[in-house]
Amino acid sequence: MAIVGGNTFRALALMLACMILSAGQAVLARQPNATSPTLVVTITARYDTHIRQPGNIREFLKLHPNVCLQQWDGIMMPQEGARANLAMAMAANIGPDIFETDIRQAVAQRLACPLTEWIGQDGVLANGKPKLKPDGTPDLNGQIDADEAKWDGWMKIKPLYRQVVTVDGKAYALPNRTGTYVGILYSKRLIRRAGLDPRHPPLTYDEFIRWCRLLYDHKTKTPAVEFGPYSWSFAPWVATTGSSIVIQQRRSPTTGKVYTFNEQDTNLRAPGTGEDLSGAKPLWRCNVASPEAVAAVAFYHRLRWAPWIREPATGEPVELTRNDLKHGYILYEARRVAFRPEDVIEGCISVTTRELLDTLARLGRDLAMYPLWAGNMTEFEKMGIEPSDMGMLPFPGRTAAQRPVLQASNSFFMIGKDVLKRGGPTEAERKAYRDIVWQLMARVCSPEGQDEIIRRQVAAGQARFLNPRELRRVGLDDYIKEIPPENMDLWRGVETGKVLEVVEPFMGKWLQFRDFYQREVIDRVLRPSGRDFDYVAALKSLERDANSGIMFERPHSQLDRYRVKARVVAAVVMFVLGVFVALIIRDQRTRVPSLAGVYRGSLPWMMLTPALALIAVWGYYPLTRGLQMAFEDYKVVGHSPFIGLNNFISIALDPNFYHYVFTTFRFVLWNLGLAFFAPIVLAFLLTEVTRFKVFFRTLFFLPQMTSGLVVTLMWKDMFSGTSTGTINRVASALFGHLGFAPIDWLGNPQTVMACVIIPSVWATAGISSLIYLAALKSVPEELYEAAQIDGAGILGRMRRITFPTILPLVLINFVGAFIATFQAMGNIFLLTFGGPGKETMVMGMAIWQEAYVNLRFSLATSYAWILGSILIGFTYLQLRILRRVDFRRAEEN
Amino acid sequence: MASIYALLIVGGVTMVYPFMVMVTGSVSNPFDYNRRSMLPRFLWSREDRFMRVLASYFPATHRASVRQLRSYFPDFPEDFQTWAQIGDETTASDRWARKQLAALSDPHLQAAASDYREFVRDWDLRETVLAYDYRNVGPFLRERYGTLERYNKSWEVSIDDFSKVSDSEWSGEPIDQQCYVPEGDARDRDLLEFRRAYRENRFTPYLRGEGAPAGYLRPASLRYVWEEKLAEAMGGRIPQELQPVEFPVSSGAPSEVRRVWLGFLATEFPVRHIQIEATEQRKQEFQRFVAGRFRNIDYLNRVLETSAGRWEDVKLTPTVPDGKLARVWMDFVRTSVPIRDWVIRDTLPDKAFQEFALRRHSSLAGVNSAYGLKLHSIRQLGIPFRQAALVTFANREWPMTLDGITSNYTFVLDFLLHRGRAVQNTVILVLLTMFFALTVNPLAGYALSRFRLRWTERIIVFCLVTMAFPAAVIAIPGFLLLRDFHLLNTFWALVLPGAANGMTIFLLKGFFDSLPKELYEAATIDGAHEWRIFWQISIPLVKPILAVSLLGAFITAYNGWEWAIIVCQDPKMWTVAVWTYQFFQLTGSQPSVMAAFIVNSIPVLLVFLFCQKVILRGIILPQMK
């Protein structure tokens, strides 16, 4: 079949050229119209522009008809990838105007504009003069004080939030108006029904666990308290131990002693001496493996797993020790109380596995307590939770010595760095644009946006369920006295300091860290296999990881210790790399033909230019730039300093790196074992059969009729871990009688590796077998006949004929497949994104994540170079084989 | 030998099975999607067809829809909770469906159904429930407003695509809530307009004309709320002798029921259906109530955003007023007006229908004989939606089933064609990629083969060496380079970095090498120009290989998403592949996602079918020299 004749070919080329022109035009048309009067200000999803805008925004937009506030969105990715779209847009200089992410991370990467021009800064008075101490030295305290603030809204922000948004004396963010509290939501009715009093909430761990046990429903054998495996709802528990997830260490300049303070401590006096250490430079560290932070996890473990019984006479719950379990009785108030094994209850909380909304709908029905956020008691009214039934408890202290905790939860909006370049060519225009963005952000964050809602609630007679602070702000103080006493206890507790108000950690990369915290510790304690989970060890390794990259950068002193060793290793690696590159180049050049008939015209060069130019620009330039980047600390904005081997030392010191390498090897081996040999086997089978050959071949070609993306997504859907997932359905139909239970294929470390490989095996077995089929076809029939006469069976024929025929082919393909699989990550990206835990985090995936989620481009390129060094031998082999091989089209049949 | 066949057959089944599940999934709906069966059972099972139609009348995502269904179909089994679960229990659902369908032989069915039709025809749109298909919202608004700006202005929102209209705005309002009252704003008006469109069967042409009394718009009956309340009070189940229960309950009801009813009225019954008498005394009471709530006029004005000068300006109306005062009014009625003074208005569809039936059939006896019932109070009469739905199903069985089959596909196509540029982008990208595949590499390969350049070997090395490094080393700086050239979110970002490939050049050079040298010599002697030799002699000879690389270019361009999600984040630049990924990411496992998969596969399928020969002829066998 002739696909294209000479003329049609030319016509096609012409047509393509026309298409290119039109495509070019389409590209040009895409450029934003500079003359358009509309200023589009974009904002990330924490502020929803798809619902009716609050009054203060409507008012602003009416005043500025040329301004439009639009939702900024990008590609949605799973897990950590959720942060990637913002990060990539920032790296690409097309970020949103107003965005929300980890403040300190954004500042460190210079993604956020300081709000100095509107708010002011530390050390400069509102009138622009420097603020001086009486002795004439600059008066710096790291915070923007009332006399320094240029914006009257600043001092209205609560002090804790002012501390959170200020970095080195400059404000970078504003807290969103819809601030809420994370506390333990409870149903007043259910609590009272269990004979408990919400006015006397549990103040210690022991009291809390007693509540949970008293609420336990013995009839249905289900707990009435549920916990979510989330780090944001776990973080306040660390505060209840009197410690914090992040700590600051300050060295006294006089005594040289190092004192540790909590992250949010403002009283920085050294205990004992009383020396004020607020001037000392703090060292911020992650603290999750400290005895206090471990105690918080241990409490989760206890809630979830500790065995207990209900003492039959009094109904009091009693926790059982291991000995009690062995003996089968306990001593309770000097009485001997025997129990049967079936009386023992394991744990007193259940774990959220369903949608949050499903869980919420149960609050007040069979769910009595649930740690969650809420701004006031009307928060979940629409979900059917009666405001009069809903209450909130602070998290109890570990012992009576610690205060109960409520976690203020908020998002913080920042102005993106790209705003500085927007608005127009002149500075005045850009300033005008910036001001518009600022005013919009101030309004988005202003509590006035809530006014309409509060008024509506007051009109509906719900004033008593609101936070008194809101009522006061709208000027409706008289309603405060109607607030039910248990609600008032909570609000008053926060205001008087009886309840400790904390925020999620704000130093270090908390957003990044909390994913690890969640999936490596909290979730694993709570999940069904968590009883024997060694959380102390997990916390230790997590803390180590956190202080060497995930949350805080590894201190330079630590890197210096390895610098000499690193230089030696680097020199060796570079030497080997260099040798191989030289070998490759030499190898390719060995067969220099005679120079007879050298063409001297310009025509060949014209023909070569496009290819060579493209390879130079998109191959060599990035390669050299990548080499340079590996020795820099690449910053998306501003100068990227040269840091020598630091990236490589950090990687080598990171235990995760070895895990990634190990996982990669595991993936490659599995993949080669399954995906590489499947087509060979298939080709054998297809040559052996005599009937329905075409039919079978067509069957195995079916996956070619759809795209690789669809294949993978389809399999992802089939691997669904619920009982309605396709594979679980088939398996239960086939093996149900053997007691098959649905498997969470992609969430289970035992199955996940095979699962990320199967889709590609399935999809490529057919098409890849073609080449082997073609090779086998070239074997002369006589050989087979001769073998048959010799009485060789299938295996014999395989060994004697088929193997030798395709062996070279297998070798060639093997090297290529090895190199390709080593870098592959597409299916893993789609199926698991490296999860569960870090189970499928191969190098390719780790590089992607470092680069496009964490914006650590330098680290990512260093990873890539390491990957290249591991592979260089194979690459050399591959290129060598390439030169030795002739590519021929297979004979047509 | 047998084992080989067995292996191949097992392998073949695993090849086919996922596809069948996917295709079946794409024509399923919430009722049968989770079965993941190979074949769509509804094609031969009438029971399944009925249940699918029922699932579209009562979509699980809508507020309390299965609870409403239970009220219309009193024998709906207790343990039927979600559509997925009902679909799973094939025997039970078949049995139940057969029982319903058996009622089709009831001679009274027609009368009830046509009365329903008559009643619904001009029933107040505000008191309706719409089992709408969210896929119609976008097109509806597009038609109503024309431009996004006008829509944004009217709704005081900011969206950049009609597909992003907040879904929650359209999924039935909380009609069962005690203090719910429509806001009467722009979105409310649009919602009513949308319902009107449904009433006129604008989105469901197959329900037009006689014979289809039950549309997707039905009166907002509240019987289900009462029945649930009563059942709960009676210990989980309403005794047989009380069924069908009265709603609203008359004064002659058993005292037990009456007691529950008063409690129901006080705590749950929607106050907007209540009318009170605005006597002088009560007016003063209301003023006192308002004064008590707002303390002073200033508070009142601040909360209600009014400008009243005196308490007397706030008037008590007999029925719920419009605007912000509505909530105060409802609170007043609830807390200060004794229930015995409440009169249930005709806005309650259950009551309105009872009166409608009485008017039509002149007496309770007339109603009983027309509907084939044995009621002893007209208050027991419910809205005959069940009868109407059965008649509709009987007359429109296949059109409704067909709509269920096509709706997922029409949704996906509508999305692809109207709400993005995915199709245009993909076409342009594929053409661009193919153009480059046809020019850059073949030209270079040809030049290297045809001409003895001084640096031929060096050039080959130059082309091949970049391959020695992992793609990631090149990709990251490549991304940054694209940014510096301002090429992100353009087609160039997708095409240029991969346009030239050393390996392909090397391969092509090999093929050009294999052409007989005499060809060139003969052509040169004939005086043919180099371009002519290239176009007319060499290219046609390597056509099979070029066809393969064209095919490869098509596949990479069409399927490519890894690079695209990095360099083309802007939704306006998404290709079909990225769009499919996003669609899956956002909606999860759903029938429409399966349809999207299939739509995505169609171009690949076509290319594969037409180019099988190309693939087979283009197999390249490496051979050791």
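Refer to the structure printed above.
These lines cover the structure that appears in this document, whether it is placed above or below. (Residues numbered from 1 in each chain as written. Chains lettered and ligands numbered in written order. Predicted model: local features only at pLDDT ≥ 70, side-chain atom pairs only at ≥ 80, totals over all residues. Heavy atoms only, no water.)

Another point: a nonpolar patch on the surface. All names here are of chain A. Together, Val564, Val568, Val572, Phe575, Val576 and Val579 give the surface a local cluster of nonpolar side chains, amounting to about 540 Å² of exposed area. Structurally, Val576 is set in helix α20 (residues 563-589). Residue Val576 is classed as partly exposed on the basis of its relative accessible area, which comes to 36%. (Patch = residues over 30% accessible without salt bridge, like charges linked within 9 Å, V, L, I, M, F, W, Y side chains within 5 Å. Areas by Shrake-Rupley, 256 points an atom, 1.4 Å probe, with all protein chains shown as cover. Salt bridge = Lys/Arg side-chain N within 4 Å of Asp/Glu carboxyl O. Helix = DSSP H or I, 4+ residues; strand = E, 2+ residues; numbered from the N terminus. Buried < 20%, exposed > 50% of the residue type's maximum accessible area, 1.4 Å probe, protein only.)

Core analysis: the largest hydrophobic core is formed by 417 residues, its most contacted members being Trp237(A), Met369(A), Phe513(A), Tyr517(A), Phe829(A), Trp848(A) and Phe857(A). Here this core gets 16 residues from one element, more than from any other, and that element is helix α27 (residues 749-777) of chain A. Ignoring any residue separated from it by four or fewer positions in sequence, one finds Phe513(A) in contact with Ile245(A), Cys286(A), Val288(A), Leu542(A), Ala546(A), Ile550(A) and Met551(A). If you look at the next biggest cluster of nonpolar residues, it comprises 69 residues, including Ala55(B), Tyr57(B), Phe194(B) and Ala214(B). (Core = buried A, V, L, I, M, F, W, Y, C linked by side-chain atoms within 4.5 Å. Contact = heavy atoms within 4.5 Å.)

Attention shifts here to the interface of chain B and chain A. The partner chain A presents 162 residues to the 159 residues of chain B that form the contact. Summing both partners gives a buried area of about 15000 Å² for chain B against chain A, and 72% of it is carried by carbon and sulfur. The largest per-residue losses of area from chain B upon contact with chain A belong to Leu8(B), Met15(B) and Arg617(B), which jointly make up 5% of the total buried on that side. Along the contact surface separating chain B from chain A lie 4 salt bridges. Between Arg58(A) and Glu156(B) there is a salt bridge, with its nearest N and O atoms 3.4 Å apart. The interface formed by chain B and chain A holds 22 residue pairs in polar contact (both at pLDDT 80 or more) in total. It is helix α1 (residues 2-26) of chain B that contributes the most residues to the side of chain B that touches chain A, 15 residues altogether. Tallied by class, the residues present in the side of chain B that touches chain A amount to 107 nonpolar, 25 polar and 27 charged. (Buried area = accessible area lost by both parts, 1.4 Å probe. Polar contact = N/O pair within 3.5 Å; in protein donor to acceptor, adjacent residues only side chain to side chain. Nonpolar A, V, L, I, M, F, W, Y, C, P; charged D, E, K, R; others polar.)

The terminal C-alpha atoms of helix α12 (residues 280-294) of chain B lie 21 Å apart, and with 15 residues this matches the ideal 21 Å at 1.5 Å per residue to within 8%. Considered for burial, the residues of α12(B) that qualify are Arg282(B), Phe286(B), Gln287(B), Phe289(B), Val290(B), Arg293(B) and Phe294(B). Burial along α12(B) is one-sided: seen end-on, the buried residues are contained in an arc of 160°. Seen from the buried face of α12(B), the exposed residues on the opposite side, beyond 90 degrees, are Glu280(B), Gln281(B) and Arg288(B). Here the buried face of α12(B) lies against α14 (451-459) of chain A together with α13 (297-304) and α14 (325-336) of chain B. Taken from the residues just after α12(B), Arg295(B) is the one with a positive phi, measuring 65°. (Expected span 1.5 Å × (residues − 1). Arc of directions from axis to C-beta.)

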